[in-house]
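Here is what each chain is made of, one letter per residue.
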Amino acid sequence: IRHLHRENVKMRANQLLPLSAGMLGLVCATHAEQADRPDVHVGDRWSFQHTNALANEKDFTTIQDVIDVSNTEIKARERIKGKGVSSVAAYTREWNPVDVASARYEPNLHEWSFPLKVGSQWDSSADKMLFTNGKHGKFQLKALVAAAEKVTVPAGAFDTYWRSEEHTSELQ
């Protein structure tokens, strides 16, 4: 996933996130009308490339290895590529963060809303507590599935969905 990131003084950001339908367990000859919730299994590996759109530079790659899946939760060992440190994070079955390396969200932050379809949109709000300093505050998110396109990479051709995300954070 490529993140396009922009911030201003109010900690407001916009991101476009192309999400591969193949990553979500959908592989089809024609463009899928929607992407259903991923079917996640222990041993799955997810990799996300973060790109700073303002500088047009790749910042880092996050790697998630799924270590446990229950009816309500996914646990993944997360690390930044090239760094030796890892942590365990908890997500809902829709990959919405509950307890991640840097923060805890109550209720969970609703980053994803499946099935994904072009034009789908949703809002979410959560209390975010940072583990580094104990500060917390309201975190709001607005998301829109903005577009769909087919992307070809060495692993094959995949249907992708662009998610536009705007978030605001007011930490105390």
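All chains use their own residue numbering, which begins from 1 and follows the written sequence. For a predicted model such as this one, the threshold for reporting local features is a pLDDT of at least 70, and the threshold for listing and counting side-chain atom pairs is 80 or more; totals across whole chains, interfaces and linings nevertheless cover every residue. Neither water nor hydrogens contribute to the side-chain values; these are computed over all heavy atoms in the structure.

**Student:** I'm lost on the pairing of strand β11 (residues 136-153) in this one. Help?
**Tutor:** Every other side chain in a regular strand lies on the same face of the sheet, so the side chains alternate between the two faces. Two strands qualify as a pair provided that DSSP identifies no fewer than 2 bridges between them. Each helix is a run of H or I in the DSSP string that is no shorter than four residues. Each strand is a run of E no shorter than two, and both are numbered from the N terminus. As defined by bridge partners, strand β10 (residues 121-130) adjoins β11 across nine bridges and the pair is classed as antiparallel. Looking at the pairing, Asp 123 lines up with Lys 142 of β11. Where β10 folds back on β11, the antiparallel hairpin that results is connected by five residues, among which Gly 134 adopts a positive phi of roughly 75 degrees.

**Student:** Looking at this structure, I do not really get the nonpolar core. What am I missing?
**Tutor:** Taken as a class, soluble globular proteins show a tendency for nonpolar side chains to be buried jointly. Side-chain atoms within 4.5 Å are what join buried Ala, Val, Leu, Ile, Met, Phe, Trp, Tyr and Cys residues into a set we call a nonpolar core. A 1.4 Å probe rolled over the protein chains alone gives each residue an accessible area, and that area as a share of the maximum for its type sets the label: buried under 20%, exposed over 50%, partly exposed in between. Ranked by size, the top nonpolar core spans 25 residues in total, and within it Trp 95, Tyr 105 and Leu 116 carry the most contacts. When contributions to this core are tallied by element, the ones reaching two or more residues are β4 (45-52), β6 (73-80), β7 (86-92), β9 (103-106), β10 and β11. Ranked by residues supplied to this core, first place goes to β11 with four residues.

**Student:** Any chance you could explain the pairing of β7 here in plain terms?
**Tutor:** Sheet topology places β6 next to β7; seven bridges connect them, and they run antiparallel. Bridging from a neighbouring strand, Ile 74 pairs with Tyr 91 of β7. The sheet contact formed by β7 and strand β8 (residues 97-99) spans two bridges and is antiparallel. Looking at β8, one finds that Tyr 91 is bridged to Pro 97.

**Student:** Looking at this structure, I do not really get the confidence of the model for the chain. What am I missing?
**Tutor:** If pLDDT is low for a region, its predicted coordinates should not be looked at in detail. For every residue, the predictor states its confidence as a pLDDT score lying anywhere from 0 to 100. Mean pLDDT for the chain: 78, with 80% of residues reaching 70 or above. Mean pLDDT across the elements of the chain ranges from a minimum in strand β2 (residues 6-7), with 30, to a maximum in β6, with 93.

**Student:** Would you explain the pattern of salt bridges in this entry?
**Tutor:** Pairing of side chains with opposite charge becomes possible as their charged atoms draw close. Salt bridge criterion: a side-chain nitrogen from Lys or Arg within 4 Å of a carboxyl oxygen from Asp or Glu. Under the definition given, this model contains five salt bridges. In this structure, Asp 65 engages Arg 45 in a salt bridge whose closest nitrogen and oxygen atoms are separated by 2.6 Å. Of this pair, Asp 65 sits in strand β5 (residues 57-69) while Arg 45 sits in strand β4; the two residues are 20 residues apart in sequence, bridging distant segments of the chain. Note on Arg 45: relative accessible area 54%, which makes it exposed. As a salt-bridge pair, Asp 159 and Lys 150 come within 2.9 Å of each other at their nearest N and O atoms.

**Student:** Would you take a moment to explain the environment of Asn 96 for this structure?
**Tutor:** Assignment of secondary structure puts Asn 96 in the loop between β7 and β8. Judged by relative accessible area, which is 2%, Asn 96 ranks as buried. By the convention used here, residues are in contact when the closest approach between their heavy atoms is within 4.5 Å. Residues within four places of Asn 96 in sequence aside, it is in contact with Tyr 91, Asn 108, Leu 109, His 110, Glu 111 and Trp 112. Definition of a polar contact: a pair of N or O atoms within 3.5 Å, with one able to donate and the other able to accept a hydrogen when the atoms are protein atoms, and with sequence-neighbouring residues admitted only if both atoms are side-chain atoms. At 2.7 Å, the side chain of Asn 96 and the backbone nitrogen of Trp 112 are in polar contact.

**Student:** Please clarify how the environment of Val 88 should be interpreted in this entry.
**Tutor:** By the element assignment, Val 88 lies in strand β7. Each C-alpha atom, one on Val 88 and one on Asp 65, is 9.4 Å from the other, the two residues being 23 residues apart in sequence. Apart from residues no more than four positions distant in its own chain, Val 88 is found in contact with Ile 67, Lys 75, Ala 76, Arg 77 and Asp 99.

**Student:** So what exactly am I meant to see when it comes to the packing of aromatic side chains here?
**Tutor:** Aromatic rings considered in pairs are described by the distance between their centres and by the relative angle of their planes. Only Phe, Tyr and Trp rings take part, Trp by its six-membered ring, and two of them pair if their centres are within 6.5 Å. Stacked means planes under 30 degrees apart, edge-to-face means over 60, and tilted covers everything else. Taken as a whole and assessed by the stated rule, the structure comprises four aromatic pairs. Ring centres of Tyr 105 and Phe 139 lie 6.0 Å apart, and the angle between their planes is 75 degrees; on these two criteria the pair is classed as edge-to-face. Of this pair, Tyr 105 sits in strand β9 while Phe 139 sits in strand β11; the two residues are 34 residues apart in sequence, bridging distant segments of the chain. With a relative accessible area of 8%, Tyr 105 lands in the buried category. The class for Phe 139 is buried, based on a relative accessible area of 7%. The rings of Trp 46, Tyr 91 and Trp 95 are connected pair by pair, giving a single aromatic cluster. A ring has a charge above it when a Lys NZ or an Arg CZ is no more than 6 Å from the ring centre and no more than 35 degrees off the ring normal. Across from the ring centre of Trp 112, 3.9 Å away, lies the NZ or CZ of Arg 163, which sits over that ring.

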